[in-house]
Amino acid sequence: NADFDLLDLTGRSEAIKKGVSYMGIFMYLIGKMESALATCQTKCTDCNAASIKEWDEAVALYTGSLEGADGSGHGFLPYALADKRCADFNTCGKKRNNDVGTSAINLEIFDLFRKGQLDIHNGVCSPARDHKERIVNLMTVPLIQGTLKYAYITERQESTDKEKGEGAVFAASILPMVHACNSN
């Protein structure tokens, strides 16, 4: 457990902002996708409007309103995080070999969002669940990258409380997943 009393106000502020964006919203948008899938009616092409609405709300929570129609804005939600981390880890673009542009993660996630929406619209609910699982897996990549980045900064460089707060949240966001893979 992180002791946030050891951080100054800037560090605590970063921990709160990042925690809300990358932990709270992360879980809420997964819930929106789950809700869409729970109400998806198989083999029904015109009766899944409520499911599509839930799915679209998940997309909105992933992206935020500051990205703009073309994704070139500068938001604060998971979409923006993926673009920030692709610059750090040289994983931007379709080939995952650039340090500028849209992250390969966002390109793939949006392809899966579109496929999931179409599947739900067409009443093909099982493949939509597969898309949701892949989206969740891809959404964890920037969290892992953030953990690695801030672990390096706080261990190898002079770090501020801001960076320590960010690092603590990134670590807290992935440690349950690591534990689920291997509790040792």
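Residues numbered from 1 in each chain as written. Predicted model: local features only at pLDDT ≥ 70, side-chain atom pairs only at ≥ 80, totals over all residues. Heavy atoms only, no water.

**Q** Can you help me understand the environment of Met 23 in this one?
**A** Within the secondary structure layout, Met 23 lies in helix H1 (residues 9-39). By relative accessible area, which is 31% here, Met 23 ends up partly exposed. Taking the C-alpha atoms as reference points, Met 23 and Pro 78, separated by 55 residues in sequence, lie 9.6 Å from one another. Non-local contacts of Met 23, meaning those with residues more than four positions away in its chain, are made with Lys 18, Val 169, Ala 172 and Ser 173. (Helix = DSSP H or I, 4+ residues; strand = E, 2+ residues; numbered from the N terminus. Buried < 20%, exposed > 50% of the residue type's maximum accessible area, 1.4 Å probe, protein only. Contact = heavy atoms within 4.5 Å.)

**Q** Help me understand the side chain of Ser 51, please; the structure alone is not making it clear to me.
**A** Mapped onto the secondary structure, Ser 51 falls in helix H2 (residues 49-63). Relative accessible area serves as the criterion here: at 1%, Ser 51 is assigned to the buried category. Aside from chain neighbours lying at most four places away, what touches Ser 51 is Ala 36, Thr 39, Cys 40 and Ile 120.

**Q** How should I be thinking about empty space enclosed by the protein in this particular structure?
**A** In this approach, a probe sized like a water molecule rolls over the atoms, and the result shows the empty space that is left. One pass over the structure, following the stated rule, counts one cavity of 30 Å³ or more. Taken as a whole, the largest cavity spans an internal volume of roughly 50 Å³. Every residue lining the largest cavity is listed: Tyr 22, Phe 26, Tyr 62, Pro 78, Leu 81, Met 139, Pro 142 and Leu 143. When contributions to the lining of the largest cavity are tallied by element, the ones reaching two or more residues are H1, helix H3 (78-89) and helix H5 (125-156). The leading source of residues in the lining of the largest cavity is H5, at three residues. For the lining of the largest cavity, the per-class residue count stands at eight nonpolar, no polar and no charged. (1 Å grid on protein atoms, 1.4 Å probe; cavity = no way out; pocket = protein on both sides within 12 Å on 5 of 7 lines; lining within 4 Å. Points joined across faces, edges and corners; volume = space filled by probe spheres on them. Nonpolar A, V, L, I, M, F, W, Y, C, P; charged D, E, K, R; others polar.)

**Q** What is the right way to look at the packing of H1 against H2 in this model?
**A** Two packed helices can be described by the angle between their axes and the distance between those axes. At a minimum axis separation of 7 Å, H1 and H2 run at an interaxial angle of 165 degrees. On the basis of the axis angle, H1 is roughly antiparallel to H2. Here the hand of the crossing between H1 and H2 comes out left-handed. Counting all contacts with H1, which are made through Ile 25, Tyr 28, Leu 29, Lys 32, Met 33, Ser 35, Ala 36, Leu 37 and Thr 39, the residues of H2 involved are Ser 51, Glu 54, Trp 55, Glu 57, Ala 58, Leu 61 and Tyr 62. In the contact of H1 with H2, the residues fall into 10 nonpolar, three polar and three charged. (Axes fitted to C-alpha atoms, helices over the stretch in contact; angles between N-to-C directions. Parallel < 35°, antiparallel > 145°, perpendicular 65-115°, else oblique. Left-handed = near helix turned anticlockwise from the far one by under 90°.)

Interpretation note: all reported values are geometric properties and have no functional meaning in isolation.
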